[in-house]
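# Descriptive structure summary
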Amino acid sequence: MKRLHLLVGGLAHGPWPDRPHLARLIARGRPADAGACTGTSAALAALFGIESRDLPAIMLAAEGGDAGSEAWFCADPVHLLAGMHSLSLLDSRQFQLPADEAAALVAALNRHFGDEMEFRAPHPTRWYARFRQTPKVAIPPLDQVAGSAITPEQIAGPDAREVQRISMEIQMLLHGHPVNESRDERHEATINSVWFWGGGGGRRAVANFDQVMADGFTAQALARAAGRPAMPLPDTLQPGRLPDGYTLAVLERPVPGQDAAWFEPVLRALQRGQLDAVELTLTGEPALRRVVGRWQARRFWRG
């Protein structure tokens with residue numbers, strides 16, 4: 001038996017005129033509860049039986065760090081872009097950050113905040129932080145807020161103001177750092193803030209999947225934590241080459257040609273009996289989920 005779960009980022013709202021095969025899968029599938037899968041990180045956490053706040057510790061462990069059972073936050077380097085009436089947040093998809101510049105910035109953060117927290121940067125664009133006293137806050141993962149306006153309400157909880165204070169202090173510290181002065185002279189986006197999210201730790205990832213196909217680090221880290229093999233995402237899905245069992249494939253964002261490379265082969269494989277069932281989870285606010293079996297895939301009158 002072959003089953004496939006497709007987790008697709010950024011396509012929940014439709015319509016899908018440039019993705020006709022995705023539209024057919026959605027129209028022919030059976031609605032299912034998508035839960036709070038507003039972003040890829042939250043959806044992945046739910047699929048592995050944890051919450052998004054638990055992800056930083058799992059990711060740090062996959063980096064080779066000793067996360068232990070303590071609470072860890074992601075402290076992702078970002079660029080805050082000031083608009084007419086709001087601030088927008090740009091993540092590392094919008095800028096390059098060399099390892100030496102990341103190391104210099106993190107060293108400055110550790111010197112300044114040594115009594116309050118510890119920063120680690122095992123990867124230039126993946127930073128982590130451990131507070132001496134863990135704040136009680138609820139903050140959405142970076143992928144849910146990147147590219148959008150930032151509001152104070154996105155940091156909630158009893159210690160929200162304390163985290164906001166620290167974030168402001170970080171912005172002031174990074175503003176005049178030599179790394180950012182040099183980046184500004186080169187007309188590159190400065191690293192003028194970090195986005196804290198997470199704050200959990202110690203929960204174990206559990207998977208119903210037999211294997212995972214993904215290019216993103218978070219999905220690979222979760223597969224490793226759950227003891228499942230992870231393989232790179234192919235450019236084009238070839239259902240006949242899928243291993244037996246239940247496979248999770250993570251398409252983190254829309255890209256040109258995705259319909260022909262993925263959704264058309266999925267629909268065709270269902271109709272031909274090469275796949276027994278496909279679950280579709282499309283992240284967004286709200287998220288969308290469909291379950292499509294062989295018979296549903298043949299319901300041509302449904303689109």
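In this text the structure is predicted, and so the values were computed from the model without any measurement.

## Looking at the confidence of the model for the chain
Residues with a pLDDT of 70 or more make up 98% of the chain, whose mean pLDDT is 93. Ranking the elements of the chain by mean pLDDT puts helix H10 (residues 294–297) last, at 82, and helix H4 (residues 99–112) first, at 98.

## Here we look at the side chain of Asn192
Secondary-structure assignment places Asn192 in the loop between helix H7 (178–185) and strand E8 (193–200). Of the polar contacts made by the side chain of Asn192, one reaches the backbone nitrogen of Leu80; its length is 2.7 Å. When residues no more than four places from it in sequence are discounted, the contact partners of Asn192 are Val78, His79, Leu80, Gln171, Leu174 and Asn180.

## Observations regarding the nonpolar core
In terms of nonpolar packing, the biggest core is built from 66 residues, with Phe48, Phe119, Trp127, Ile170 and Phe196 touching the most fellow members. Ala249, Ala261, Leu280 and Leu288 belong to the second largest nonpolar core, which has 29 residues in total.

## Overview of unusual backbone geometry
Here Glu285 and Pro286 are connected by a cis peptide whose omega angle stands at 5°. Of note, Pro286 is situated in the loop between strand E12 (277–282) and strand E13 (288–293). The backbone of His187 shows a phi angle near 60°, a positive value even though the residue is not glycine. Along the chain, His187 falls in the loop between H7 and E8.

## Remarks on the packing of aromatic side chains
The final tally for this structure, using the stated rule, is six aromatic pairs. Between Phe73 and Phe131, the aromatic rings sit 5.1 Å apart at their centres with planes inclined by 70°, giving edge-to-face as the arrangement. Remark: Phe131 occurs in strand E6 (residues 126–131) and Phe73 occurs in strand E3 (residues 72–82); sequence separation between them is 58 residues. An identical accessibility class is assigned to Phe73 and Phe131; each is buried.

## A word on the sheet that holds E12
Ordered by their spatial adjacency, seven strands build an open sheet running E2-E13-E12-E1-E11-E9-E10, and the pairing between neighbours is mixed. The open sheet terminates on both sides in strands that have one partner only, identified here as strand E2 (30–31) and strand E10 (230–231). Summarising the sheet, E12 and E13 pair through six bridges and their orientation is antiparallel. Looking across to E13, one finds that Glu279 is bridged to Val291. The strands touched by helix H2 (residues 40–47) within the sheet are strand E1 (2–8) and strand E11 (245–251), with E1 carrying the most contacts at an inclination of about 150°.

## Topic: the packing of helix H1 (residues 20–28) against helix H9 (residues 258–272)
Where H1 contacts H9, the two axes come as close as 8 Å, and the packing angle between them is 40°. It follows that H1 is oblique to H9 by the angle criterion. For the pair H1 and H9, the crossing hand works out as left-handed. Across the interface between the two elements, Pro20, His21, Leu22, Arg24, Leu25 and Arg28 from H1 touch Asp259, Phe263, Glu264, Val266, Leu267, Leu270 and Gln271 from H9. Across the contact of H1 with H9, the residue classes break down as seven nonpolar, two polar and four charged.

## Section: the pattern of salt bridges
Here the structure, examined in full by the defined rule, presents 19 salt bridges. One salt bridge in this structure joins Arg93 and Asp91, with 3.0 Å as the shortest N-O distance. For Asp91, a relative accessible area of 7% gives the class buried. Among the ionic pairs, Asp276 bridges to Arg294, the shortest N-O distance being 2.6 Å. A residue pair is termed long-range when its members are at least 10 positions apart, and Asp276 in the loop between H9 and E12 and Arg294 in helix H10 qualify at 18 residues. Note on Asp276: relative accessible area 23%, which makes it partly exposed.

Parameters at a glance
Residues numbered from 1 in each chain as written. Predicted model: local features only at pLDDT ≥ 70, side-chain atom pairs only at ≥ 80, totals over all residues. Heavy atoms only, no water. pLDDT = per-residue confidence, 0-100. Helix = DSSP H or I, 4+ residues; strand = E, 2+ residues; numbered from the N terminus. Polar contact = N/O pair within 3.5 Å; in protein donor to acceptor, adjacent residues only side chain to side chain. Contact = heavy atoms within 4.5 Å. Core = buried A, V, L, I, M, F, W, Y, C linked by side-chain atoms within 4.5 Å. Buried < 20%, exposed > 50% of the residue type's maximum accessible area, 1.4 Å probe, protein only. Phe/Tyr/Trp six-rings, centres within 6.5 Å; stacked < 30°, edge-to-face > 60°. Pairing = 2+ DSSP bridges. Axes fitted to C-alpha atoms, helices over the stretch in contact; angles between N-to-C directions. Parallel < 35°, antiparallel > 145°, perpendicular 65-115°, else oblique. Left-handed = near helix turned anticlockwise from the far one by under 90°. Nonpolar A, V, L, I, M, F, W, Y, C, P; charged D, E, K, R; others polar. Salt bridge = Lys/Arg side-chain N within 4 Å of Asp/Glu carboxyl O.

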